[in-house]
Amino acid sequence: MSENAEDKAVSIPAQSDGAEAKSSGAATLTKDAAPGETLLKVTGLQKHFPIRKGLLQRQVGAVRAVDGIDFEVKSGETLGVVGESGCGKSTMGRLITRLLEPTAGTIEFEGKDITHLGVGGMRPMRRDVQMIFQDPYSSLNPRHTIGTIIGAPFRLQGVTPEGGIKKEVQRLLSVVGLNPEHYNRYPHEFSGGQRQRIGIARALALNPKLVVADEPVSALDVSIQAQVVNLLDDLQQELGLTYVIIAHDLSVVRHVSDRIAVMYLGKIVELADRESLYRAPMHPYTKALMSAVPIPDPKRKSAKSERILLKGDVPSPIAPPSGCRFHTRCWKATEICRTTEPQLLELKPGQRVACHHPENFEDQAPQDTVLLSDAKEAAELVPDAVLEESAETSAAVAAEVHADTAEPAAEEPSEPAAEEATEAPSSEAAEAGSEEAPSSEAAEEAPDAAEASTEETAEDAAPGASDASDDAPESGGRK
Ligand SMILES: Nc1ncnc2c1ncn2[C@@H]1O[C@H](COP(=O)(O)OP(=O)(O)OP(=O)(O)O)[C@@H](O)[C@H]1O
């Protein structure tokens, strides 16, 4: 994490608050976690989305998006969560922010069980837990000014900041590096990076303790990614925030995370502090993810055997493979992997892994030596050309993330509209649109969650991907 936060005049004053008084009878959090204490504890967390068919809408199966995960987040730390698309990262993020109702398991925030709190019970807690969404194009309502968007949390919570909402919104704009005079402008007048700053300002409005950022920079150009990551980093240091940052690969989270959880098909397969994970990844899947985004390190560059490209897609979470879920794509898989699910065990201090045949550690099932027939076909070496391209991106982010020379956002280079438009894949826009309006199944199953989502975010969310695609900035440059 960068150390240049001291220069920045970032501070959020205590709020004068009417919300807690109003919500008598609702859960009120009184205990503040000191740095290093457990802020969030998740145990056996599951989310199974029902699959219904026929006129009677009978349940015929379930998408096991999150299928029994345990982890803790300590106050003041950044937990990175990585894994390929579809492995349940976003669902996990929405569960811990209680935008979705869990199927099983518990979520404790500051020692309080919040697993099944309803909308009323969650209201005071919503101040403490905020989410930053992936797509800055569709997560802001194009019909609202940014003043309205960033001020919405105050109105929803009935909070009146000192000096009024407008003054506080303008202060938040300058905190995230935007011009406070742009209070009355609309989202389409801003570039992607600027819009993500608006999303961050909205998330910070109520002075949260935990911020869950779901792929906060993946829709942005690489150079802008580093600026937004730096901003999150500086804000964390100034405001003592705790982050859960979700990403599909390690290129961004590895620079900002204290610990990293690697997810595969609804499970955490490895959870370790950053240093241990990079020095000696233990799960073959972690190793594959790391080699997909090579570290610009000459020692590793020459090690061809480290360059692993997994074949095939993540299997369906409707019917995940037996035993170890990764066994169908693992080059080390043996019979025990097919039949017996490995538990997430702390094999080294601070490093938990769920694998029978871990890397960089003694074999947990040494008697089982015969590879499954698919194992030899499971992965291949990555051609050097692909690696080089990937290393360039990775190096560019690395160079900027740690550069103390991070320019103030007002100097952020222009982002041409055309470039911006191509950076936001339509599927992401569609997802972000549906984010605020979960599928009818999900909404049916978790009315509280759907309502909560609506309450907090839909007001300022674009109705869908089509709106987002209309949002090409009129002028890509900063206003
Ligand atoms: N509302 C829903 N109804 C049914 N299935 C869902 C719903 N939301 C997510 N899923 C499914 O759950 C699985 C996990 O999805 P999730 O979005 O959490 O994964 P992810 O790792 O965040 O992937 P991505 O990076 O693509 O968002 C996927 O198979 C997805 O199709």
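Going by what an unreviewed UniProt entry lists, the chain is known as Dipeptide ABC transporter ATP-binding protein and is assigned to Streptomyces glomeratus. The heading Sequence similarities (unreviewed entry) in the UniProt record of the chain holds the text "Belongs to the ABC transporter superfamily."

**Student:** What is the right way to look at the nonpolar core in this model?
**Tutor:** It is characteristic of soluble globular proteins that their nonpolar side chains tend to be buried jointly. Counting residues in hydrophobic clusters, the biggest one holds 66 residues, and the most contacted among them are Ile200, Leu235 and Leu250. A total of seven residues in this core trace back to one element, the largest contributor, which is helix α7 (residues 222-239). The next biggest cluster of nonpolar side chains, apart from the first, holds 36 residues, and it includes Ile69, Ile107, Phe109 and Val212.

**Student:** Whenever I open this one, unusual backbone geometry confuses me. Can you help?
**Tutor:** Excluding glycine, residues mostly have negative phi values, and the peptide bonds linking residues are mostly trans. We note that Asn207 has phi near 55 degrees; this positive angle belongs to a residue other than glycine. Looking at where Asn207 falls in the secondary structure, it is placed in the loop between α6 (192-204) and β7 (210-214). Overall, Asn207 belongs to the partly exposed group, its relative accessible area being 30%. Its identity as a non-glycine residue notwithstanding, Leu265 has a phi of 50 degrees, on the positive side. Relative to the elements of secondary structure, Leu265 occurs in the loop between β9 (259-264) and β10 (267-273).

**Student:** Even after reading the chapter, I still don't get the environment of Met125, so can you show me in this structure?
**Tutor:** Along the polypeptide, Met125 turns up in helix α3 (residues 119-126). Sequence-wise, Met125 and Arg98 are 27 residues apart; in three dimensions their C-alpha atoms are separated by 9.8 Å.

**Student:** What is the right way to look at the UniProt feature "domain: ABC transporter" (unreviewed entry) in the chain in this model?
**Tutor:** The feature "domain: ABC transporter" (unreviewed entry), as annotated in UniProt, sits at residues 40-290 in this numbering. Along residues 40-290 the backbone is 36% helical and 29% strand, and the end-to-end C-alpha distance reaches 27 Å.

**Student:** Is there a simple way to think about the pattern of salt bridges in this case?
**Tutor:** A pair can form between side chains of opposite charge whenever their charged atoms are brought close. Applying the stated rule across the entire model yields 14 salt bridges. The partner of Asp67 in a salt bridge is Arg325, with the nearest N and O atoms 2.4 Å apart. In this pair, Asp67 sits in strand β2 (residues 58-74) while Arg325 sits in the loop between β11 (308-310) and α12 (335-339), placing the two residues 258 residues apart along the sequence. The pair Asp67 / Arg325 is uniform in exposure class, with both members buried. Here the residues in one salt-bridge network are Arg64, Asp67 and Arg325, joined through shared partners.

**Student:** Would you mind going over the sheet that holds β9 with me for this structure?
**Tutor:** In sheet architecture, strand pairing relies on hydrogen bonds along the backbone and comes in two forms, parallel and antiparallel. Spatial ordering of the open sheet is given by β6-β7-β8-β3-β9-β10-β13-β12, a layout of eight strands whose pairing is mixed. Of all the strands in the sheet, just β6 (129-132) and β12 (345-348) have a single pairing partner and so form its edges. Geometrically, the sheet is characterised by an average inter-axis angle of 25 degrees between neighbouring strands, direction not taken into account. In terms of strand pairing, β7 meets strand β8 (residues 242-247) through five bridges, oriented parallel. Among the inter-strand pairings, Ala213 is bridged to a residue of β8, identified as Ile245. Those strands touched by α7 are β3 (78-82), β6 and β8, and its axis lies near 160 degrees from that of β8.

**Student:** For this particular structure, what's the right way to read the confidence of the model for the chain?
**Tutor:** Keep in mind that low pLDDT regions are not for reading the predicted coordinates in detail. Averaged over every residue, the pLDDT of the chain is 76; the share at 70 or more is 69%. pLDDT under 50 marks residues 297-305. Its contacts with residues more than four places away, or in other chains, come to ten contacts. With pLDDT under 50 throughout, residues 404-479 is counted as low confidence; its partners more than four residues away or in other chains account for 155 contacts. Across the interface, the model reports ipTM at 0.98; the global pTM reads 0.75.

**Student:** Please explain the site of the ligand as it appears in this structure.
**Tutor:** Around the ligand, the structure places 16 residues, and the nearest of them are Ser85, Gly86, Lys89, Ser90 and Thr91. Within the backbone of Gly86, a nitrogen or oxygen atom sits 2.7 Å from an oxygen atom of the ligand. Against a free-state accessible area of 630 Å², the protein chains account for coverage of 72% of the ligand. Sorting the residues of the shell around the ligand by element identifies β2 and α2 (89-96) as the ones contributing at least two each. For the shell around the ligand, the element with the most residues is α2, which contributes three residues. For the shell around the ligand, a count of residues per class yields six nonpolar, six polar and four charged.

**Student:** Any chance you could explain the pairing of β10 here in plain terms?
**Tutor:** Regular strands place their side chains on alternate faces of the sheet. The buried fraction of β10 amounts to six of the seven residues, a majority that puts the element mostly inside the structure. Pairing analysis gives six bridges linking β9 to β10, with the strands arranged antiparallel. Looking at β10, one finds that Tyr264 is bridged to Lys267. The turn joining β9 and β10, which pair antiparallel and follow one another in sequence, is formed by two residues; a positive phi near 50 degrees is taken by Leu265.

**Student:** How do you make sense of α6 when you look at a structure like this?
**Tutor:** Residue pairs spaced three or four apart in an α-helix point in one direction, given the helix's 3.6 residues per turn. Taking 1.5 Å of rise per residue, the 13 residues of α6 would be expected to cover 18 Å, and the 18 Å separating its terminal C-alpha atoms lies within 8% of that figure. Counting buried positions over the 13 residues of α6 gives 13, a clear majority of the element.

**Student:** Just to check I follow, could you spell out the packing of α6 against α7 for this structure?
**Tutor:** Each pair of packed helices can be summarised by the angle the axes make with each other and by the distance between the axes. Contact geometry of α6 with α7 gives a least axis separation of 10 Å together with a crossing angle of 20 degrees. When the interaxial angle is binned, α6 and α7 end up roughly parallel. When you trace α6 past α7, the crossing you get is right-handed. Between α6 and α7, the residues in contact are Gly193, Gln196, Arg197, Ile200 and Leu204 and Ile224, Gln227, Val228, Leu231, Leu232, Leu235 and Leu239, respectively.

**Student:** Just checking my understanding: could you explain the pairing of β12 for this structure?
**Tutor:** As defined by bridge partners, β12 adjoins strand β13 (residues 351-353) across three bridges and the pair is classed as antiparallel. Residue pairing for β13: Leu345 is matched across the bridge by Val353. Counted between consecutive antiparallel strands, the loop separating β12 from β13 contains two residues, among which Gly350 sits at a positive phi close to 75 degrees.

Conventions and cut-offs
- Residues numbered from 1 in each chain as written.
- Predicted model: local features only at pLDDT ≥ 70, side-chain atom pairs only at ≥ 80, totals over all residues.
- Heavy atoms only, no water.
- UniProt positions renumbered as here; feature names shortened; annotations may be inferred.
- Core = buried A, V, L, I, M, F, W, Y, C linked by side-chain atoms within 4.5 Å.
- Buried < 20%, exposed > 50% of the residue type's maximum accessible area, 1.4 Å probe, protein only.
- Helix = DSSP H or I, 4+ residues; strand = E, 2+ residues; numbered from the N terminus.
- Salt bridge = Lys/Arg side-chain N within 4 Å of Asp/Glu carboxyl O.
- Pairing = 2+ DSSP bridges.
- Axes fitted to C-alpha atoms, helices over the stretch in contact; angles between N-to-C directions.
- Contact = heavy atoms within 4.5 Å.
- pLDDT = per-residue confidence, 0-100.
- Near = heavy atom within 4 Å.
- Polar contact = N/O pair within 3.5 Å; in protein donor to acceptor, adjacent residues only side chain to side chain.
- Areas by Shrake-Rupley, 256 points an atom, 1.4 Å probe, with all protein chains shown as cover.
- Nonpolar A, V, L, I, M, F, W, Y, C, P; charged D, E, K, R; others polar.
- Expected span 1.5 Å × (residues − 1).
- Parallel < 35°, antiparallel > 145°, perpendicular 65-115°, else oblique.
- Left-handed = near helix turned anticlockwise from the far one by under 90°.

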